[in-house]
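Architecture and fold: a report
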Amino acid sequence: MPVVNQENSRQILANAQYPMLFVHGMPGQMTVSTDAPEQEKMCFRLPNLTAQDFGDAEFKKTYGLKYALYGGAMANGIASSDMVIALGRCGCMGSYGAGGMRLETVAQEIDKIKAALGDKPYMINMLSNRNGEMEMQLAQMLVEKNVPAVEASAYIIPSEALVYYRLKGIRQENGRIIVPHKIIAKISREEVLEKFVSPPAAETVAALQKAGHITAEEAALASRIPMADDITVEADSGGHTDGRPLVSMLPALIALANRKQAEFDYQQKVRVGAGGGIGTGLSCLGAFEMGAAYVVTGSINQSCVESGTSDYVRQVLAETAMADVTMAPCADMFETGAKVEVIRKKTLYAQNAQKLYEYYVKYPGFDAIPAADRERIEKKILKDTFDHVWQGTKEYFTRMDPGKILQAEKNPKVKMALVFRWYLGSSSRWAVQGDLNRKFDMQIWCGQAMGAFNLWVKGTPLERAENRYVGEVAHLLLQSGAYHYMKNLLIRMGVSPANFGQDVL
Ligand SMILES: Cc1cc2nc3c(=O)[nH]c(=O)nc-3n(C[C@H](O)[C@H](O)[C@H](O)COP(=O)(O)O)c2cc1C
């Protein structure tokens, strides 16, 4: 009968081998053991929480998960097929980072994931896209390939393409509505949450039916299901972020989701999970304690060996502290001043992108910028001439969006924005490719969770990026969360904190 003490507390708590714990002894001097003590009269039996006990049981059942954790998408294939496969194999789920990837590549990566995972879970990221046609092509490909779930992000309202994915194949069997395509919507605003807890908008459904994308039966069932099965509340995080704290957002948005769905008579509840800032066992536990149905990680996964970034970036990430991240202008919404959370250590991206944005706001075109500044931009930031970058940019847009070239030829400010966006767009590619000639220009999306994780694992083998495997990291967070849950509970019951010694992970 092991008794929990300073040496073995971690092995015993949060260990599936010991499903029950027994708390006994005098109040204030309680002892914990793994079997019921024979002579003690006062004895409490406690189920011993483990990693797989966390989270909403329906969530895990819906996606076929052992653990209530998924790895969020990371664009440009940073959340790679290898990462998705590793997470799927270990009882979690990964969302493939389809953002910024060509349709053919996404299709190939889906085939790879399906071949490796069989019926194990995975998701593909659908990002709101100003180009509705491209978004519809992606949605159609996902339907054709029977992709079971998508992580939908950056939407303000669910687009036609997303509603198409949701409704295609929906049918009624024995009174129950079967929805073959699951959606986890990632949001950080109340009004967007409400859209995803509600059924798809009637006008969008009608437009899809009129265009022949969905059948009359599919359209008729639309009003009886929510747009999403699950909502991830994303707090301050790496990459695009509203930068809001999880402790404020999560409880409020869980309550809102519950209030909103009371308006409808769904056969299944819309659940709410949490992402943003989760990088230690206790932060993972905190999210579950606030009511999260599941947790989502991002930044920490980028530093793992399976991520689609470069070894150089993984190394930088493993050395990142919480204060080493900042907000900087982003490529896709440069003109609006939108920002992303990035690393500011060992790269000048944040300063450079900010300078380019300030020039863009202040001047009507590149030629209007004072000559000395223009020279500095070309030498120190672009490391190329404005005209040469423009030639390359022109070729790109002639293929992708020829209308933009016409606008730019007429308006020098548009031209300047496109050239500056070349720098911002290329900088994330240089990071993924590990182009050391451009290491000071690398745009590395990263949130505070990375620094928290690095501090947490300092002095352990996980301090080194080459030892970080995404499945093990996920398990460690949950396992540690379970340990801390049990430890806190036992201390509140009267067990001395001394029994648990110094915390290790
Ligand atoms: C490098 C990187 C790229 C990301 N790209 C995307 C993306 O393309 N789509 C998306 O939905 N979320 C993206 N995210 C957000 C993650 O999926 C996840 O929600 C977030 O990282 C969780 O917060 P954390 O970074 O604090 O762990 C990205 C995050 C990072 C760090």
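What you see is a predicted model; the values in this text were computed from it and never measured. (Residues numbered from 1 in each chain as written. Predicted model: local features only at pLDDT ≥ 70, side-chain atom pairs only at ≥ 80, totals over all residues. Heavy atoms only, no water.)

Bringing the packing of aromatic side chains into the picture now. All chains considered together, the criterion is met by 18 aromatic pairs. Ring centres 6.4 Å apart and planes at 85° place the aromatic pair F366 and F420 in the edge-to-face group. Of this pair, F366 sits in the loop between α14 (349-362) and α15 (371-382) while F420 sits in helix α18 (residues 412-433); the two residues are 54 residues apart in sequence, bridging distant segments of the chain. Looking at F366, the relative accessible area reads 6%, which means it is buried. Members of the aromatic cluster, joined through ring pairs, are F334, Y357, Y360, F366, F386 and F420. Positioned above the aromatic ring of Y483 is the side chain of R10, whose terminal nitrogen or guanidinium carbon lies 5.3 Å from the ring centre. Taking the ring centre of Y360 as reference, the NZ or CZ of K413 above it sits at 4.7 Å. (Phe/Tyr/Trp six-rings, centres within 6.5 Å; stacked < 30°, edge-to-face > 60°. Helix = DSSP H or I, 4+ residues; strand = E, 2+ residues; numbered from the N terminus. Buried < 20%, exposed > 50% of the residue type's maximum accessible area, 1.4 Å probe, protein only. Lys NZ or Arg CZ within 6 Å of the ring centre and 35° of its normal.)

With that out of the way, let us pick up the pattern of salt bridges. A full pass over the atoms with the stated rule returns 27 salt bridges. K168 is the partner of E218 in a salt bridge, and the nearest nitrogen-oxygen pair spans 2.9 Å. One end of the pair, E218, is in helix α9 (residues 216-221); the other, K168, is in the loop between α6 (160-167) and β8 (171-173), and 50 residues separate them in sequence. As far as burial versus exposure is concerned, E218 and K168 are alike and both buried. The closest approach of N and O atoms between E409 and K394, which form a salt bridge, is 3.4 Å. Taken together, the residues E409 in helix α17 (residues 402-410) and K394 in helix α16 (residues 386-400) connect sequence positions 15 residues apart. Taking the relative accessible area as the measure of exposure, E409 reaches 46% and is therefore partly exposed. (Salt bridge = Lys/Arg side-chain N within 4 Å of Asp/Glu carboxyl O.)

Turning to the sheet that holds strand β2 (residues 31-33), a few remarks are in order. In space, the 3 strands of this open sheet follow the order β2-β1-β3, with antiparallel pairing throughout. The open sheet has two edge strands with one neighbour each: β2 and β3 (43-47). Taken pair by pair, the neighbouring strands of this sheet meet at an average axis angle of 25°, ignoring direction. Sheet topology note: the strand β1 (residues 20-24)/β2 ladder contains 3 bridges and is antiparallel. Bridging from a neighbouring strand, F22 pairs with S33 of β2. Together, β1, β2 and β3 form the strand contacts of helix α20 (residues 470-493), whose direction differs from that of β3 by roughly 160°. (Pairing = 2+ DSSP bridges. Axes fitted to C-alpha atoms, helices over the stretch in contact; angles between N-to-C directions. Contact = heavy atoms within 4.5 Å.)

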